[in-house]
Amino acid sequence: MSVVEVDGVWKVFGDKAADAIAAIRNEGLGKAEVLDRFGAIIGVKNASFTVEEGEIFCLMGLSGSGKSTLVRHINRLIEPTTGTIRILGEDIGAMTPEVLRALRAEKIGMVFQNMALLPHRSVRDNIGFALELRGKDAYHRAQLADHALETVSLHGYGDRLPSELSGGMQQRVGLARALAADPEILLMDEPFSALDPLIRRNLQDEFLGLSQNLRKTTVFITHDLDEAIRMGDRIGIMNDGEIVQIGTAEDIVTAPADDYVADFVAGISRLKLVSASKIMVAVEKHVARHGPIDDARDYPAARPEDDLDTLVELSTGTELPVLIRHDGNTVGIVTKDTLLHGLQGTEAP
Amino acid sequence: MSTTAAMSGAEPREVESRDVSVTVFADRNAAYYGSVFERLQKGELPFWHMNVAGLLIPWVWSAWRGVWLIFWISLALDMVGLVCLMQNFKYGPLLADAHLDPSANAILIERYTRWLSVYNNVGIATLILGRLLIGLQANRWYFKQYSKWRIAVRTAHGVQARRVVIAALILALVAPITLYRSTQQRIDERACFNQVRAIDGTRRLQSRYGVTEVSDLTSALADRRDRLVTERATLEASASLTDDQKGRLGEIRREERQLRREIDAVEDYKAVSAKDRFDCLFIDDFPTLARIDPPADVTYRRVPDEEAIAQGRRGATKVITQVKDPVEGRTVNIFTYTAESIDIGINFLRAQYAGIFDAMTNVLRQSLIRVEVAFMLTPWPVLVGLAMILAWAYCGTGTVVFVGASLTFLAVFELWQIAMQTMALVVVATAICIFVGLPVGIWMAKNRVANWITEPILDVMQTIPSLSYLVPAVAFFGISQPPAVLATVVFAIPPMVKLTALGIRQVPQSTKEAALAFGASERQLLTKVELPMAVPSIMAGLNQTIMLALSMATISAFIGAEGLGAIVTAALGDAQAGKGLLAGIAIALVAMVIDRILKGIRSSLSRI
Ligand SMILES: Nc1ncnc2c1ncn2[C@@H]1O[C@H](COP(=O)(O)OP(=O)(O)OP(=O)(O)O)[C@@H](O)[C@H]1O
Ligand SMILES: [Mg+2]
């Protein structure tokens, strides 16, 4: 059972949402035409995905592509126009307000793009807010809040007001607030976007460790592909409200679904991303072109899942191609040529 | 390119090049407006730049292009100019008349000539300058509309003949009657009233005589007069009359007098020309000359209920209804009708729910007495000290000095106790305002229907002159303190309600969303997020409420409230300026002391 299941969700803003959806389905209208004809704005267009337990699912896309809108559906801050969302197997659209509130308070933590801290409460009280709603006593609240503050390296700022903190610090308070109540699911809307590279990297590592240890299921929004690749077990790419591709970082980099995705991944270093299995040439093909493999010679060998970085290392200092071996068999061959093409992301001839 | 289109996200409208959008916006003559707008944006448009259509035919131009503001302004300017010129038709004939006998009318001639020249100059100047103004401003305004249109697509744009038709209708409605009016002398005040009476009377006669045509009525009346005259003549001719006949003679004379009045009325009626009617209906007062029968004159009274008392229910009472016969032929206008109906309604409520009103009065009186006692029996040094400590804690030393000085003023002029009476009234009224205003404000912020209902009521409450509140308060609760408290509450509560609602409404959506995302219920959202964040606004409302309560507490001295206001009203009655002035200053000082201290508390709160 997946922890989060989003199934055929549409969100169209405007009065004539239903008509607009029908028209998009039947006539394939674009965003501009829908706005023109129905005065409706497409927020999310037929999105479906699942997130498994302990997985970090990254949503990425350009500004305005509907990431925030989609993630707000997961805790039903926004009602979908059509479609269902299931959390831990339960349809949240059918939940009563009380059940939904309990779910939000106990199972889901959220970090907001615009922080959305409560300006009249101290940092500590902000972090303890979810706990307070659940009726936790003040003592434990303060302890948990201080602990969360330490996690985001803001120790000692508990008694400040949010307005006294910098933007990046506020963002970390937002993160601490989501973590403090120890929810199973985290919805994170660009949580690190206002941070400097150093702290961002620290927090990314911190968070990765955390979610591995505690097996938090996370939907993580970013518009930074590097971050998505670092953080995400899988990545969903959104364009104009639509999820155009879902896959691992490698899938997306090696086989972009369309030009939009290709544009996106164009500048990405493939060294650490692409594995040997993606670029290797089948043995027969190699033999047909370059002649048979001379078993007497000392070919460098690698596994299929080794990345290009490893292959480059193996290739330097020898004339020979790299053999990709799996379970004692040679399953493919990577020549220097293939390797260079693989690094560039172009098809070998 | 594709990337920028996707980036813009929110609103992919066809506005990438300005010329295209100007073409869509201006429709006709787009090239001209394109270049004008461009020069305007670059700041190259000289100040004398003129839209010729705006100069020559501003009404048509502005309506056609939907620049309604220009339409209204040019209409107003042109009307003012034309009305001035129309005075020629009004004073021209008078001047000509006066010239018939120049020596006797020297003053008149001089006066009319002066008036006419002033009117002509002003009229021509308004027309010319007005048109110049419109011509100069037309394109600038049009550009503003263009800018607005680019944000809000529904803004009027393009050219539409339909709008010209609407403009023509407006002109047809406004211009002729205004210009006609400006050529006419003022109508005599009684003329229209007499006219209505003549018309009314004739109608009644028509129905009495059962005729529909006025000419028939005249002949019927004439017939009757002839008959009466003949009968009188025969009676007067006979030498001796019986008592019966003498009586009949008197009767005939009376009838004749009555008949003469009726004939006069019909003559008046016939003299009413179509022009008179038109003038009375359209250019004089608003035509509220309608006369209707007054509401039935009913009084409700609560009396001991003998039957119930006989059955053993002691002190039982019931409401009895007394209806007086209507005064024959009395008709009233709508104002009087409504006012009398309201009186009757109040009378009914007062009698029917006497228990409730008395109970309310009692509660108010009791709580007032308690608070008054608290204020008046607390030794003055305690209160003064308290005020100064508050001022010291929340405000600067300047305020402490001010508070000390103000309170000394009250003490020195022996106004302390009286001021405390006023304070008691203010405190009770403010407490009620908070208890009622806060929930209503919350309700109003949360519920669209509630807002829709409450908003206009509050607006009315704020605009009705404060003295008007006193009348219904007296009607329901009699005079003295309790109705004064109620009138004060009604007068002072709107800011409390409005600012509470405002404060709650201006909590950012994103903050509320965050609270909801962490599982807040509606109630928690209110108590933990919205109300705390609305505190500054609510405090501002409270401050205003207290100030209004203080001013109303003064005014309610008119209905017997005690306190500083009573001194002022008494001084007013006896024309004792000094006394009134001192009491007035005392009120102002009390107000300022409260205001300063509250402001201090507020700003210390908002530092959080
Ligand atoms: N309440 C709303 N009413 C109308 N349109 C909305 C509303 N909320 C979002 N939209 C529209 O939905 C689209 C997606 O917005 P969303 O905030 O989800 O983008 P995003 O991918 O999060 O962008 P960013 O990276 O800038 O945060 C935008 O075109 C936006 O204009
Ligand atoms: Mg967003």
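Residues numbered from 1 in each chain as written. Chains lettered and ligands numbered in written order. Predicted model: local features only at pLDDT ≥ 70, side-chain atom pairs only at ≥ 80, totals over all residues. Heavy atoms only, no water.

### Regarding the domain arrangement of chain A
Where the parts come together, the accessible area they lose is often given as the size of the interface.
Okay, step 1: Entries for chain A in the domain assignment read domain 1 (4–107 + 183–265) and domain 2 (276–344).
Okay, step 2: Each of domain 1 of chain A and domain 2 of chain A has a C-alpha centre, and these two points are 38 Å apart. (Domains from an automatic or database assignment.)

### What about the coordination of the magnesium ion (ligand 2)?
Okay, step 1: At the metal site, the magnesium ion (ligand 2) is ligated by Ser68(A) (OG) and Gln113(A) (OE1), and these contacts range over 1.9 to 2.2 Å. With a gap of 45 residues between them, Ser68(A) in helix 3 (residues 67–74) and Gln113(A) in the loop between strand 6 (108–111) and helix 5 (123–127) connect regions that are remote in the sequence. (Donors = N, O, S within 2.8 Å, 3.2 Å for Na, K, Ca; no water. Helix = DSSP H or I, 4+ residues; strand = E, 2+ residues; numbered from the N terminus.)

### Overview of the site of ligand 1
Okay, step 1: Taken together, 16 residues surround ligand 1, and among them Ser63(A), Gly64(A), Ser68(A), Thr69(A) and Gln113(A) come closest.
Okay, step 2: Nearby residues place ligand 1 at the junction of chains A and B.
Okay, step 3: Within the contact set of ligand 1, an oxygen atom lies 3.1 Å away from a side-chain nitrogen or oxygen of Glu190(A).
Okay, step 4: Burial of ligand 1 by the protein amounts to 69% of the accessible area it has alone, namely 640 Å². (Near = heavy atom within 4 Å. Polar contact = N/O pair within 3.5 Å; in protein donor to acceptor, adjacent residues only side chain to side chain. Areas by Shrake-Rupley, 256 points an atom, 1.4 Å probe, with all protein chains shown as cover.)

### Considerations on the domain arrangement of chain B
Okay, step 1: The assigned domain composition of chain B is domain 1 (18–182), domain 2 (189–283), domain 3 (298–351) and domain 4 (358–607).
Okay, step 2: Here the C-alpha centre of domain 4 of chain B lies 65 Å away from the C-alpha centre of domain 2 of chain B.

### Focus on the packing of helix 9 (residues 189–209) of chain B against helix 10 (residues 214–237) of chain B
All names here are of chain B.
Okay, step 1: Their axes nearest at 10 Å, the elements helix 9 and helix 10 cross at an angle of 70 degrees. Taken together, the axes of helix 9 and helix 10 are roughly perpendicular relative to one another. As for the relative orientation of helix 9 and helix 10, their crossing is left-handed in sense. Packed against helix 9, whose contacting residues are Thr202, Leu205, Gln206 and Tyr209, the element helix 10 presents Val214, Leu217, Ala220, Leu221 and Arg224 at the interface. (Axes fitted to C-alpha atoms, helices over the stretch in contact; angles between N-to-C directions. Parallel < 35°, antiparallel > 145°, perpendicular 65-115°, else oblique. Left-handed = near helix turned anticlockwise from the far one by under 90°. Contact = heavy atoms within 4.5 Å.)

### Details of the environment of Leu179(A)
Residues and elements named next belong to chain A.
Okay, step 1: Topologically, leucine 179 is positioned in helix 8 (residues 167–180).
Okay, step 2: Overall, leucine 179 belongs to the buried group, its relative accessible area being 12%.
Okay, step 3: Residues leucine 179 and isoleucine 235, 56 residues apart in the sequence, show an inter-C-alpha distance of 22 Å.
Okay, step 4: The contact partners of leucine 179, leaving out residues within four places of it in the chain, are Thr151, Leu186 and Leu210. (Buried < 20%, exposed > 50% of the residue type's maximum accessible area, 1.4 Å probe, protein only.)

### Quick notes on the environment of Ala387(B)
Okay, step 1: Its location among the elements puts Ala387(B) in helix 16 (residues 380–394).
Okay, step 2: Linking Ala387(B) and Val403(B), residues 16 residues apart in sequence, is a C-alpha distance of 7.2 Å.

### Concerning the pairing of strand 7 (residues 185–189) of chain A
Residue and element names in this part refer to chain A.
Okay, step 1: Burial runs high along strand 7: five of the five residues are buried.
Okay, step 2: Burial of strand 7 is two-sided: the residues Ile185, Leu187 and Asp189 facing one way and the residues Leu186 and Met188 facing the other way are all buried.
Okay, step 3: Note: strand 6 against strand 7, four bridges, orientation parallel. By the bridge assignment for strand 7, valine 111 is matched with methionine 188.
Okay, step 4: Note: strand 7 against strand 8 (residues 217–222), five bridges, orientation parallel. The residue bridging isoleucine 185 from the neighbouring strand is threonine 217, located in strand 8.
Okay, step 5: Handedness of the β-α-β unit built from strand 7, helix 9 (residues 197–214) and strand 8 comes out right-handed. (Pairing = 2+ DSSP bridges. Right-handed = clockwise from strand over helix to strand, strands pointing away.)

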